[in-house]
Amino acid sequence: MTKDVRVRFAPSPTGPLHIGGVRTALFNYLFAKKHNGTFILRIEDTDQNRYVEGAEKYIINALNWCGIPYDEGIDKNEKFGPYRQSERKHLYKQYAEELIAKGHAYYAFDTSEALDAHRKDHEEKGKTFIYNWHNRLKLNNSLSLSTEEVQAKLDAGEDYVIRFKSPQDETLHLKDIIRGEIKIDTNTLDDKVLFKSDGMPTYHLANIVDDHLMEISHVIRGEEWLPSLALHYQLYDAFGWEAPEFAHLPLILKPTGKGKLSKRDGDKLGFPVFPLEWNDPNTNEVSRGYKEDGYFAESVVNFLAFLGWNPGTEQEIFSLEELIAAFDLERVNKSGARFDPDKIKWFNHHYMQEQFNEDLAEAFKAQHAELVDIDNEYIALVIGLVKERAAFVSDFWELSHYFFTAPTTYDEKASKKAFKDGTKEILTQVASIIEANKDFTAETLQNEIKGWITSNEIGFGQVMMPLRLALVGALQGPDVFDIIYMIGKTETIKRIQNVITTL
Ligand code: GLU
C-alpha cells in the first residue's frame, strides 16, 4: 500500500445498527489494522427527519462491545473533526457553489408539486421521470432561466436545490476492488440533488466532501451504495480531486437465501439482527441483541467475518488477530452472503469453551437466584464439568441444576430402565462403600466401586444407571464420580436413600 490507509465507517444515526452495518464496520476495521491504517467513525446525520435519539451512542457501544473500536472520531483523536456531519454544516455549501461556478451543478427551483406532477404524468404514459440532460432545459433551473431571473429568485429567498449536471454521452469506467471494472453510460444517470432547500447537503455531497477532507484512502461499504458510485466518481472528477478506492460488500441474505436480511426479520424469524438490545425511544419497542441473547463478542465477530469473506482454507475459527492477518478485500465475494443463525450458535459453543469458568460463574449466578449463596469457586468447577455441552450461559441450569439442588422427581423412562429387581440392594451396598471411602476423591471412589462391581460380577449399567438416576434425576450429566465428589458424601448418601424410598 503506497498511501496511508484511512478508512471510515459512516453510519446514519437512524436507529440501532443493523448486524450488516456491524459487518461493514468490521471489514473496515480489519482492513485498517491489516495495513497499519486508521479506522474512523463518522456520523452521517444530515437527514434530520430520520435522526433518532440514542442511535449514535448505540453505534459506539456496539463497536466497543465487538472489540473493534474506532481510532479517530467523536471524542477521539479529532484531527479531522468534527465527525458529525450536522456540525460540519457550514462547510458544504461552498463546495456546492464551487461546482456551480465550474459548470458542474446548477440551481433548480422546481417545486415538489411540479416534480410530482411530472412523475405522475410520466407514470400514466408508462414511463419514469428522470431529471437530466434530456429535459433539464425544459425545467425550472439556472440552466433554463436567464442570469437575472435566477438572481431575482435567489434574492427573493425562493426555495431551491442544487443539482449535479450529469454529463451527456460519456462512458464512465468505475473501479471496485471486489467487482472489478463497471461501465456506466452517463445518459442513464439523473441529475442528483447535492444540496437541499433546508440548507443541508445530501448524503452524496457531504460524503464526498468529507471523504476528501478526511483523506479517506478506501471506501468500504455495503452493496446498496453501488448505484451511487457513478455519481461519486463524477463528483471527484468535477472537483478535480483524487478518488479513493472503492469496495462494495455483498448483500446479507435471509436464512433462506432469498432476499435481503432486513431489520424486521429478527422479530419474524426469531433471532436477533442487532448487536445490542435496542429500546426504541419513540415506540418503546424493544429489539433483541446478540449480547443480551448470550452471545460472546468473539462469536459475533468470527461469524460476521465469514459473511462474504473466506480465507480460502478450511479454517473457520479465527481470533480477531488472526482475522486481521488473513483478511483481504480481494477474497470478498460478489454474491450475497446467506445469514445462518445456527452457524453463529456453533461459533458461540466454540467460544464458550474458551471463556474463563470464573467469568461464566458470575454470569450464571446473575441469572439464578438459587445460586446467590453458593461459592463462585464451586460454581466455576461445575461449569468446567458441563460447559462442553453448552452454547450459552442460559444452558447451564438445565445441564447442572443437580449440582445445586437434589432431584425432586425422577425421569419416568429412565427410572424404568435403571430400576430392576435387586437395584435397591445394589444401591444400599454402593452407599456403604461411599460412606466408608476415606480420601473421597473421584478417583478412589471410582476404583472402589468399579472394583466391587467386577468382583461381584454385576453388570456395570445395573449399578451406574440407578446411581446416576439417584444423583441427577435423569440419565444424563458428566462422570458420576465427578458428581459424587462435587456434591459430597452426605448429600450423595441422602440422594441414594431418597431414590430407594421413592422408587
Ligand atoms: N451514511 C451512509 C450509510 O448510512 C454511508 C454510506 C457510505 O459509506 O458511503 O450507510
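All values reported here derive from a predicted model rather than from experimental measurement. (Residues numbered from 1 in each chain as written. Predicted model: local features only at pLDDT ≥ 70, side-chain atom pairs only at ≥ 80, totals over all residues. Heavy atoms only, no water.)

Topic: the overall build of the protein
Phase 1: When you go through the protein residue by residue, the secondary structure sums to 20 helices and 13 strands.
Phase 2: For a compact globule of 503 residues, the expected C-alpha radius of gyration is about 23 Å, and the protein comes in at 33 Å, more than 25% above that figure.
Phase 3: Here the protein holds 503 residues, and 49% of them are scored as buried.
Phase 4: Taking contacts inside the protein between residues at least 6 apart in sequence as the whole, the part at least 24 apart equals 70%. (Helix = DSSP H or I, 4+ residues; strand = E, 2+ residues; numbered from the N terminus. Rg over C-alpha atoms; globule rule 2.2 N^0.38 Å. Buried < 20%, exposed > 50% of the residue type's maximum accessible area, 1.4 Å probe, protein only. Contact = heavy atoms within 4.5 Å.)

Some thoughts on the site of the ligand
Phase 1: Taken together, Arg 8, Ala 10, Pro 11, Ser 12, Glu 44, Tyr 203, Asn 207, Arg 221 and Trp 225 make up the full set of residues adjacent to the ligand.
Phase 2: Arg 8 has a polar side-chain atom sitting 2.7 Å from an oxygen atom of the ligand.
Phase 3: Side-chain polar atom of Ser 12 to a nitrogen atom of the ligand: 3.1 Å apart, as the coordinates give it.
Phase 4: Burial of the ligand by the protein amounts to 85% of the accessible area it has alone, namely 290 Å². (Near = heavy atom within 4 Å. Polar contact = N/O pair within 3.5 Å; in protein donor to acceptor, adjacent residues only side chain to side chain. Areas by Shrake-Rupley, 256 points an atom, 1.4 Å probe, with all protein chains shown as cover.)

Remarks on the pairing of strand S2 (residues 38-41)
Phase 1: Relative to S2, strand S1 (residues 6-9) runs parallel, the two sharing four bridges. The partner of Phe 9 across the bridge, within S2, is Leu 41.
Phase 2: Tracing the backbone out of S1, into helix H1 (residues 19-34) and back to the parallel element S2 gives a crossover that is right-handed. (Pairing = 2+ DSSP bridges. Right-handed = clockwise from strand over helix to strand, strands pointing away.)

Notes on the UniProt feature "short sequence motif: 'HIGH' region" (unreviewed entry) in the protein
Phase 1: The feature "short sequence motif: 'HIGH' region" (unreviewed entry), as given by UniProt, occupies residues 11-21 in the numbering adopted here.
Phase 2: For residues 11-21, helix accounts for 27% and strand for 0%, while the C-alpha atoms at its two ends are 8 Å apart. (UniProt positions renumbered as here; feature names shortened; annotations may be inferred.)

A few points about the environment of Gly 157
Phase 1: By the secondary structure assignment, Gly 157 is in the loop between helix H5 (147-155) and strand S4 (161-164).
Phase 2: A relative accessible area of 53% means that Gly 157 is categorised as exposed.
Phase 3: Sequence separation of Gly 157 and Ile 374 is 217 residues, and the distance between their C-alpha atoms is 73 Å.

Quick word on the pattern of salt bridges
Phase 1: Tallied over the full model, the rule gives 28 salt bridges.
Phase 2: Two residues, Arg 6 and Glu 72, come together in a salt bridge whose shortest N-O distance is 2.9 Å. Of this pair, Arg 6 sits in strand S1 while Glu 72 sits in the loop between helix H2 (55-66) and helix H3 (89-101), and the two are 66 residues apart along the sequence.
Phase 3: Put simply, Arg 8, Arg 42, Glu 44, Arg 88, Asp 210 and Asp 211 are held in one network by salt bridges that share partners. (Salt bridge = Lys/Arg side-chain N within 4 Å of Asp/Glu carboxyl O.)

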